[in-house]
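Spelled out, the chains give:
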Amino acid sequence: MNDGEGARPLTAALDPRSRRRREDRRFLIGEGDYLDDRPATGELFAAVLRSPHAHAVIVSIDTAAALALPGVHGVYTADDLADLGPLPTSIKVATVEPLIVPPRLPLARERVRHVGDPVAFVVAESTALAREGCELIAVDYDMLPSVTELSAAPEPDAPQIWQEAPGNLAYRFRRGDPAAVEQAFARAAHIVTCELVNNRIVAAPLETRVALGRFDPGSGVYRLEISGASVHAIRQELAQGVFGLPLDHIEVSCPDVGGGFGMKNVTYPEYALVLWAARTLGRPVRWISERIEDFTGGVHSRDNLSAGRLALDRRGRFLALEVETIGNLGAYVSSLGPGSSTNAPSAAMGGLYDIPAMSMDVRGVFTNTAPIDAYRGAGKPEANYLIERLIEAAAHQLRIDPATLRKRNFIRKFPYRSAFGTVIDCGTFTENLDKVLLAADRGGFAARRRTAKKRGKLRGFGISCFLETSRGQPDEEAWLRMHDDGTIDMAVGTQSNGQGHETSFAQVAAERLGLPVETFNLVQGDTARVPRGGGHGGARSLHLGGTALVMAADDLIAKARPAAAQLLQVSADRLEFADGRFRATAERDGLAREIDLFAIARHVRDSTGAALESHGDNVCDVITFPNGAQVAEVEIDPETGAISLERYVAVDDYGTLVNPLLTESQVHGGLAQGIGQALLEEALYDPDSGQLLSATFMDYAMPRADDLPFFDLEMVEVPTKANPLGVKGSGQAGCIGAPQTVMNAILDALRPLGVTHLDMPATPAKIWRAIRDAQAAGS
C-alpha cells in the first residue's frame, strides 16, 4: 500500500494559505530588535584574548600592563575563575564505551588546544579599550605538535590532545547488524565502494554571536541575553554544569536573531564569562564577537571521512550497506557535537531505499581545531550524501540508468521499518522522481549537452533524492494567555531564527480557534516567560511546537466552556464552538445564543482576578520524514574548471503545508547553503602550523546570488499521521538534498573525460586538477 494518495502539486505564491511574514515589516524598516541595539545602563564591554597557536602549554600570563590601562575594569584568566565548572555536553549517545568529555573551562588552563581557544577576558569602558587591553597581555607559550587533519588524528604517531583520550578517540559508535551485512556481501553479485570527504564548513550567520550578562545581588539571579537559540538548554548547561546553581538562578533570553543555522544552539565560554564578570564588577557586561572570532572561536560543522560499501544482487536490488566513518569533534566536545556523526545520521542512513541489512561504525576523534557542532541538517546531509553518491557510482558500474536504479530500490510499502529500526510512515518517492525528471526536461538534456559542447563546455545532469528525519529534541509545550485588549499571547518552547514563526504559529492558532491571525502574539526565547521548551533545531517547530499549540487551543476551548455555559444559561454539552465563539440554543425559549472567547475571558478575569490561560503538553518522540527528488544541471569550462549551476529543479514533500510561501523560502535558503557546501565553502587548517587558513570572508567563499539559478520547486503534500497538522518540517531539507545533487551533475559532466570521483567543494581549481589528472592517466 502507498500512503501517498491525494498528493497534489502546489504553486506557493498562489495558494490561499500563503501569507507574507508579519515580522517582515519591522525588519525591512529597521525596527528589528537585535541584542546589540539594546543599550544597558552602566554596561561595560568585554573582549577575549585567544590563542594564536593550535597546541601549546601556557607557561605564564602577565596581565599587569592591561590592568594598568585607564578604563580597564578587569583582566581575568583561568585562575580567577576557579569557582566555575567546565562547559558540559547535553547530547546522549549510546556509544560502545562511555563518551570521553575532557573539561572545557571558560578560559584555557595550562594548555590551549586550537587557534582561537579563549585565554583571557578583558572588561573595560568600551569595546576598543577591551581589545587594546588584550593586546597588552603577555602570554608565554611553549608550542606543542598539533594535528588538524582528520585522517591523521587517529594514527599511532599523532600528537596526543587529551591524556584521557588515547589515540585521540572520544567515542566508538556502532549500529546495525554486521553479521547480516557480511552475509549479504558474501552473496552479492556486485559491490560498490566509495570514500568521501564531507568538508568542514562555517555557519557564518549575518549576525555574529553577542552576549550581555547581568547579575541581581538581591535575588542572586543571573540574566543572560544572547543572539542564540535553545535558551532552556543553554540555561541548564550554565546552571547545572558551569555555575552549580538551581535552574531558577539563571535566566536566558533572546531578542531577534540574525541567523543561527545550528551554531547558536550551543553553550559558549563567553556566556559564562559575561555572567561571572557582571557579578564580579556589579555592572552589566556585553561581548560581541568579531567576524574572525566567529570563525576561530565559534563551532564548525560537518567534517567527516566516510567509506561506504553497497551490495547489490544481479538485478540491481540493494542487499546491504556498510558505513565506516571518522567524525571530527575538534578540540572539545561541544553541547551537541557528537550527535552529528552518531544519532542523527543513523536515523537517516540508507535514505528512502529498501536496504535489508545495514551497519555503521563511527569513531569520533579529537583534533586541534574549533569544536564541531550542529549545522542545518546536522548528520542527515552526511547520511544522504553517502547513499546517493554510492547509488550514482553503482548505476555507472552496473550500467543501469541512475533513475531506474533508484526506482527499483525505493521503499514502497508503509509503514516501513529500516534496518536500524527507523519507522517511515509515508511517501510517494517514485512519483516525485518521475515528476522532477519531467519538470527538468530530462528528455531534452542530450540536445542541451550537444549545444554546450559546441561552445566548448561540458554539461552535466545530476539526479538525487533525500530523506530528512525531523524532530530534534523530543516533546514540546505551548501556553495561551488571553488579554483584555483582544489579543492572545502564544508562548511556545521552540524558537525562530528567521523561520517566520510569528506568522505560521499564528496561522495554526487562528485556524484552531477561528480568530484572525492578527489576534496572536508570539512569545519565545525567554526562560522567564516560557517555562520550558526544546528550542530550535531538527526542523521540529511545527511538528512538535505546532502540535503543542493545537493542544493549548483545545485546552483553552475546554476551559472556556463551563464559563460559556454559565453565561448563556445552557448546559455545557449543548455548546458548539466555531469562529471564536460558543453557540447554543436555549432549552427554555428556543432562542439561539452566543458569546465570544474574549467576553468569556473578561468574565473569568472579573470573577477570579486571573487571565484565561491554557497549556498544551506535547509528549512526543515520533520522527517525521520530509523527502524529495531533485535535479541539477551544470556547465563546466574544461580549460579553467569554472562551473556554472544552470538549473535546479526539486519536487519535495513536506506534508501538509501551513504557509506554502514560508515553506518555499525555507527550502530556498537550505538549497543555497547546500549548494554552497558543494561548490564553494571549506574551513581549512594548515596541517603544519594549525592555523585556520579560511578565517575571514576573504578566504572563505560564501554563495552569492549570481552563483545560484532560480529554483524550480514543486511541493506535493503527503500528510503524516505523526501529528494532527500533518506537517513534516522543511527547515533543513534543502541543505540535505543539494550537495549530492550538484556533485552528481558535476561528475556527469566530467565522466566523459575519465573523471569518476571528486570531493566537495568542487572548486574550479579542484575540477581543473581532476581533468588534468585524468588526461595524464589516459595518455
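A brief report on the enclosed structure follows. In this numbering scheme, every chain counts its residues from 1 along its sequence in written order. Thresholds applied to this predicted model are a pLDDT of at least 70 for local features of residues and 80 or more for the giving and counting of side-chain atom pairs; totals over whole chains, interfaces and linings are not thresholded and use all residues. With hydrogens and water set aside, each side-chain value is computed from the structure's full complement of heavy atoms.

### A word on the overall build of the chain
Check the secondary structure of the chain and you find 18 helices and 28 strands. The atom set for the radius of gyration is the C-alpha atoms, and the globule formula is 2.2 Å times the number of residues raised to the power 0.38. The C-alpha atoms of the chain give a radius of gyration of 28 Å, which matches the 28 Å a tight globule of 779 residues would have. With the C-alpha coordinates aligned to their principal axes, the bounding extent of the chain is approximately 95 × 75 × 50 Å. Throughout, exposure labels follow a simple rule: accessible area from a 1.4 Å probe, protein chains only, divided by the maximum for the residue type, with under 20% read as buried, over 50% as exposed, and the rest as partly exposed. Among the 779 residues that make up the chain, the fraction classed as buried is 59%. Residues scored as charged are limited to Lys and Arg (positive) and Asp and Glu (negative), so that His and the chain ends carry no count. By convention, the point assigned to a charge is CZ for Arg, NZ for Lys, CD for Glu and CG for Asp. In the chain, which carries 79 positive and 100 negative side-chain charges, the distance between the mean positions of the two groups comes to 6 Å. Numbering of helices and strands starts at the N terminus; helices are DSSP runs of H or I of at least 4 residues and strands are runs of E of at least 2.

### Re the packing of helix H5 (residues 231–243) against helix H6 (residues 269–281)
The axes are straight lines fitted to the C-alpha atoms, using for helices just the contacting stretch, and the angles between their N-to-C directions are given from 0 to 180°. At a minimum axis distance of 11 Å, the contact between H5 and H6 shows a crossing angle of 65°. Between H5 and H6, the angle is such that the two are roughly perpendicular. Seen from above, H5 lies across H6 with right-handed handedness. Taking contact as the criterion, the partners of Ile234, Leu238, Val242 and Phe243 in H5 are, on H6, Tyr271, Ala272, Leu275 and Trp276. Ten residues, namely Ala, Val, Leu, Ile, Met, Phe, Trp, Tyr, Cys and Pro, are considered nonpolar, four, namely Asp, Glu, Lys and Arg, are considered charged, and the remaining ones, Gly among them, are considered polar. By residue class, the composition of the contact of H5 with H6 is eight nonpolar, no polar and no charged. With respect to orientation, any angle under 35 degrees is reported as roughly parallel, any angle over 145 as roughly antiparallel, any angle of 65 to 115 as roughly perpendicular, and every other angle as oblique. Left-handed describes a crossing whose near helix is turned anticlockwise from the far helix by less than a right angle; the clockwise case is right-handed. Here a residue-residue contact requires only that any non-hydrogen atoms of the pair lie within 4.5 Å.

### Digging into the pattern of salt bridges
Think of a salt bridge as a Lys or Arg side-chain nitrogen and an Asp or Glu carboxyl oxygen that are within 4 Å of each other. Counting across every chain of the model gives 49 salt bridges. Residue Arg109 pairs with Asp79 through a salt bridge whose shortest N-O separation is 3.3 Å. Of the two residues, Arg109 sits in the loop between strand E3 (72–76) and strand E4 (111–112) while Asp79 sits in the loop between E3 and E4, which places them 30 residues apart along the sequence. Under the relative-accessibility criterion, Arg109 is labelled partly exposed at 34%. When its relative accessible area of 59% is taken as the criterion, Asp79 is described as exposed. A salt bridge links Asp401 to Arg442, with the nearest nitrogen and oxygen atoms 2.5 Å apart. You can see Asp401 sitting in the loop between helix H9 (380–398) and helix H10 (402–409) and its partner Arg442 sitting in the loop between helix H11 (429–439) and helix H12 (445–454), a full 41 residues away along the chain. On the basis of relative accessibility, which here comes to 29%, the residue Asp401 falls in the partly exposed class. Of the residues examined, Arg442 reaches a relative accessible area of 28% and is grouped as partly exposed.

### Examining unusual backbone geometry
Each neighbour pair has its own omega, and for Phe414 with Pro415 the value is -5°, a cis peptide bond. Relative to the helices and strands, Pro415 resides in the loop between H10 and strand E16 (416–417). With an omega of -10°, the peptide bond running from Met760 to Pro761 counts as cis. Looking at the element boundaries, Pro761 is found in the loop between helix H17 (733–750) and helix H18 (764–778). Despite not being glycine, Ala204 has its phi angle at roughly 50°, a positive value. Position of Ala204 relative to the elements: it lies in the loop between strand E8 (190–198) and strand E9 (210–216). Here Ala204 falls in the buried class, since its relative accessible area comes to 10%.

### A short note on the side chain of His114
If you trace the backbone, His114 turns up in the loop between E4 and strand E5 (118–124). The buried category is assigned to His114, whose relative accessible area is 1%. When near neighbours in sequence (up to four residues on either side) are disregarded, His114 contacts Ser51, His53, Ala54, Thr296, Ala331, Tyr332, Asn368, Thr369, Ala370 and Pro371.

### So, the pairing of E9
Relative to strand E12 (residues 285–288), E9 runs antiparallel, the two sharing four bridges. Considered in E12, the bridge of Ala211 is made with Trp287. At least two DSSP bridges between two strands are required for those strands to pair. Here six bridges tie E9 to strand E10 (residues 221–226), and the two strands are oriented antiparallel to one another. In the strand pairing of E10, Phe215 is matched with Tyr222. Once E9 ends, the chain turns through four residues before running back antiparallel as E10, passing Gly220 with a positive phi of about 75°.

### Here's the deal with the pairing of E3
Among the five residues that make up E3, four are buried, leaving the element largely enclosed by the rest of the structure. Sheet analysis places E3 next to E5, joined by four bridges and oriented antiparallel. Bridge pairing in E5 places Val72 opposite Ala124.

### Examining the sheet that holds strand E1 (residues 44–50)
Within the open sheet, the seven strands sit side by side as E3-E5-E1-E12-E9-E10-E11. Their pairing is mixed. The sheet is open, and its two edges are formed by E3 and strand E11 (250–253), each paired on a single side. In this sheet, neighbouring strand axes are inclined to one another by 20° on average, regardless of whether the strands run parallel or antiparallel. Pairing analysis gives six bridges linking E1 to E5, with the strands arranged antiparallel.

### Observations regarding the packing of aromatic side chains
Aromatic ring pairs are defined here through the distance separating the ring centres and the angle between the ring planes. Ring pairs shown here join Phe, Tyr and Trp side chains whose ring centres sit within 6.5 Å, with only the six-membered ring taken for Trp; geometry is labelled stacked below 30 degrees between planes, edge-to-face above 60, and tilted in between. Taken as a whole and assessed by the stated rule, the structure comprises 15 aromatic pairs. Plain terms: the ring middles of Phe295 and Tyr700 are 5.4 Å apart, the flat faces sit at 65° to each other, and that makes the pair edge-to-face. A residue pair is termed long-range when its members are at least 10 positions apart, and Phe295 in helix H7 (residues 291–297) and Tyr700 in the loop between helix H16 (660–679) and strand E28 (711–716) qualify at 405 residues. With a relative accessible area of 1%, Phe295 lands in the buried category. Each member of the aromatic cluster is reached from another via a ring pair, and the members are Phe318, Tyr353, Phe410, Phe414 and Phe429. For a Lys NZ or an Arg CZ to count as sitting over a ring, it must be within 6 Å of the ring centre and within 35 degrees of the ring normal. Positioned above the aromatic ring of Tyr268, the side-chain terminus of Arg209 is 4.3 Å from the ring centre. Its end group placed over the ring of Phe185, Arg309 keeps NZ or CZ at 4.0 Å from the ring centre.

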